[in-house]
Amino acid sequence: MMTPKEIVKNLDDYVIGQKDAKRTIAVALRNRYRRMRLSDDMRGEVTPKNILMIGSTGVGKTEIARRLSKMFGLPFIKVEASKYTEVGFVGRDVESMVRDLAAAAVNLVRNEEFEKNKDKIDEYIEQKILEKLMPPLPRGASEEKNAEYAKSYEKMREKLLSGSLDEKLIEIEISENTLESNSNLPPEMANMQENFIKVIGIATKKTKKELKIKDAKVALKNEASEKILDMESVKAEAMRRAREEGIIFIDEIDKVAVSSNGSRQDPSKEGVQRDLLPIVEGSSVSTKFGNLDTDHILFIAAGAFHISKPSDLIPELQGRFPLRVELESLDENALYEILTKPKNSLLKQYCALLATEGVELEFSESGIKALAKYAAQANTQVEDIGARRLHTIMEKVLEDISFEADEHSGEKIVIDENLVSEKLGVIVNNDDLAKYIL
């Protein structure tokens, strides 16, 4: 587990600014590690300090969550509050986010075990394919025949490993699920469906397919992992991790806040908050992998709160998000840093994309500053959508070059201030045009 300073340093490679938000989240994550080192009595008393991130769209709330999910091997899911409805309304119920976390944890642990047992799984796949290429000799075959078979088998195995047989067609049997589980089903019904399938034995069926060997290797992976991995242990470890280390990022929490200014309100919004409250407070949710307690799951909520305010959330829910951080709006300097500092910045992405067509793009310093200036100006005049404005600006500047890339193959094109001003000046300075184009 990284220290808070290391977490912030890693986030700095991808998310510009927002120092307070990064520090708060880094400490919250580190506290989870500290809690696991406490005695059993004390560990049960320490609950996560949930976080509410407040800031305009495009300032980095979701990006921080996305990077965290890649950075840590922790069960993590990102959900949008606007997708949930109160029980009784059409839509997803709030408990389904916990079931999604359980499924994410199982996938995480299963992938880890798959990597640990990769050699055994590869050996199983290799054996299955070799059995098709060289069916075993019948019982009672002479020693001479067995010796010849063993020699030929080894040669065939060497060819298979070298990849020289990858294009060869073979017919294999693949196990396919005849009934897929529905994540929107109530857990009781999902469990009943699974038990029914097991009893009547129609969970899977064998189908014969003719595939190239390279495709057969991929197709047999699921079967191999089911045979070799102890799925009960995988599920048990996954549920432990989800319970003790799970993180749920709830985006667009402001969309379920009931604004005091609005004359007409969606009656399901407050209901979603009431349904969310027991999950955040700590309760037991039934999943197809077993019951999952939410007492020690860390919840990070985020919202722009343009129309509503954090105080428009019901008081009990506000109290369950004691840590609040406000993310700053992005000015011209921040937008310039977003274009230049991240490891896979927008500029690098466009350079790489056009390099596939043989076009070498180069952004001059004046050109980059002009891009940041026009993006900041558009955010001020039209609507502040933060760093997302850079995508629109970049597409508009590079539109003709991208469209005619085949004609510019082998050329070097410099994006300077003059080119940026030519493409954007008139649009940004005309409010009506900016509203529709940018």
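Values in this document were obtained by computation on a predicted structure and should not be read as measured data.

Draft legend 1. Expanded view of the overall build of the chain. Per the secondary structure count, the chain includes 19 helices and 11 strands. With 438 residues in all, the chain has 41% of them scored as buried. Contacts in the chain between residues far apart in sequence, at least 24 positions, make up 78% of those at least 6 positions apart. For the chain, the computed accessible surface area is about 24,200 Å², with 48% contributed by carbon and sulfur atoms.

Draft legend 2. Quick look at empty space enclosed by the protein. Counted by the stated rule, this structure contains one cavity of 30 Å³ or more. Roughly 40 Å³ of internal volume is contained in the largest cavity. Considering the residues around the largest cavity, the lining is formed by Gln 18, Lys 19, Asp 20, Ala 21, Glu 326, Leu 327 and Glu 328. The dominant element in the lining of the largest cavity, judged by the number of residues it contributes, is helix 2 (residues 19–36), at three residues.

Draft legend 3. Up close: a nonpolar patch on the surface. A cluster of nonpolar side chains, Val 426, Leu 433, Tyr 436 and Ile 437, forms an exposed patch at the surface whose accessible area comes to about 440 Å². Mapped onto the fold, Tyr 436 is located in helix 19 (residues 431–437). The exposed category is assigned to Tyr 436, whose relative accessible area is 76%.

Draft legend 4. A look at a negative patch on the surface. Together, Asp 20, Glu 326, Glu 328, Asp 331 and Glu 332 make up a negatively charged patch on the protein surface. For Asp 331, the location among the structural elements is in the loop between strand 9 (323–326) and helix 14 (332–340). A relative accessible area of 44% means that Asp 331 is categorised as partly exposed.

Draft legend 5. Structural context of the nonpolar core. Membership of the largest hydrophobic core comes to 60 residues, with the highest contact counts inside it found for Met 53, Phe 363, Leu 371, Met 394, Leu 398 and Ile 415. It is helix 16 (residues 365–381) that contributes the most residues to this core, seven residues altogether. Setting aside chain neighbours within four positions, we find Leu 398 in contact with Tyr 350, Leu 361, Phe 363 and Ile 415. Counting 40 residues, the second-largest nonpolar core is a separate cluster that includes Ile 77, Val 79, Tyr 84 and Ile 253.

Draft legend 6. Spotlight on the pattern of salt bridges. Taken as a whole and assessed by the stated rule, the structure comprises 29 salt bridges. With its nearest N and O atoms 2.9 Å apart, the salt bridge here joins Glu 237 to Arg 241. With Glu 237 and Arg 241 both in helix 11 (residues 231–245) and four residues apart, this pair spans about one turn of that helix. Residue Glu 237 is classed as partly exposed on the basis of its relative accessible area of 25%. Where Lys 341 meets Glu 337, a salt bridge forms, and the shortest distance between an N and an O atom there is 3.7 Å. Under the relative-accessibility criterion, Glu 337 is labelled partly exposed at 29%. A network of salt bridges, in which partner residues are shared, links Glu 112, Glu 237, Arg 240, Arg 241 and Glu 245.

Draft legend 7. The arrangement of unusual backbone geometry in detail. For Glu 252, which is not glycine, the phi torsion reads 55° and is therefore positive. One can find Glu 252 in the loop between strand 5 (247–251) and helix 12 (267–281). For Glu 252, a relative accessible area of 24% translates into the label partly exposed.

Cut-offs and rules
- Residue numbering note: each chain is counted from 1, following its sequence as written.
- Reporting of local features is limited, given that this is a predicted model, to residues whose pLDDT is at least 70; pairs of side-chain atoms are given and counted only at 80 or more, and all residues count toward the totals for whole chains, interfaces and linings.
- As a rule here, side-chain values come from all non-hydrogen atoms in the structure, and water together with hydrogens is ignored.
- Counting from the N terminus, the helices are DSSP H or I runs at least four residues long and the strands are E runs at least two residues long.
- The buried label applies to any residue whose accessible area, calculated with a 1.4 Å probe on protein chains only, is under 20% of its type's maximum; exposed applies above 50%, and partly exposed to all values in between.
- Contacts are assigned to residue pairs that have any heavy atoms within 4.5 Å of one another.
- Only the protein chains shown count as cover for residues, and the accessible areas themselves come from Shrake-Rupley with a 1.4 Å probe.
- Any residue with an atom within 4 Å of a point lines the site, the site being either a cavity, points on a 1 Å grid over the protein atoms alone where a 1.4 Å probe fits but cannot get out, or a pocket, an open set with protein on both sides within 12 Å along at least 5 of 7 lines.
- Grid points are joined across faces, edges and corners, and a volume is the space filled by probe spheres set on the points.
- The patches described consist of residues with a relative accessible area above 30% and no salt bridge, like charges being joined within 9 Å and nonpolar side chains (Val, Leu, Ile, Met, Phe, Trp, Tyr) within 5 Å.
- In what follows, salt bridge is the name for a side-chain nitrogen of Lys or Arg lying within 4 Å of a carboxyl oxygen of Asp or Glu.
- Here the positive residues are Lys and Arg and the negative ones are Asp and Glu; neither His nor the chain ends is included.
- Throughout, a charge is located at the NZ atom of Lys, the CZ atom of Arg, the CG atom of Asp or the CD atom of Glu.
- Residues grouped as a nonpolar core are buried Ala, Val, Leu, Ile, Met, Phe, Trp, Tyr and Cys residues, joined through side-chain atoms within 4.5 Å.

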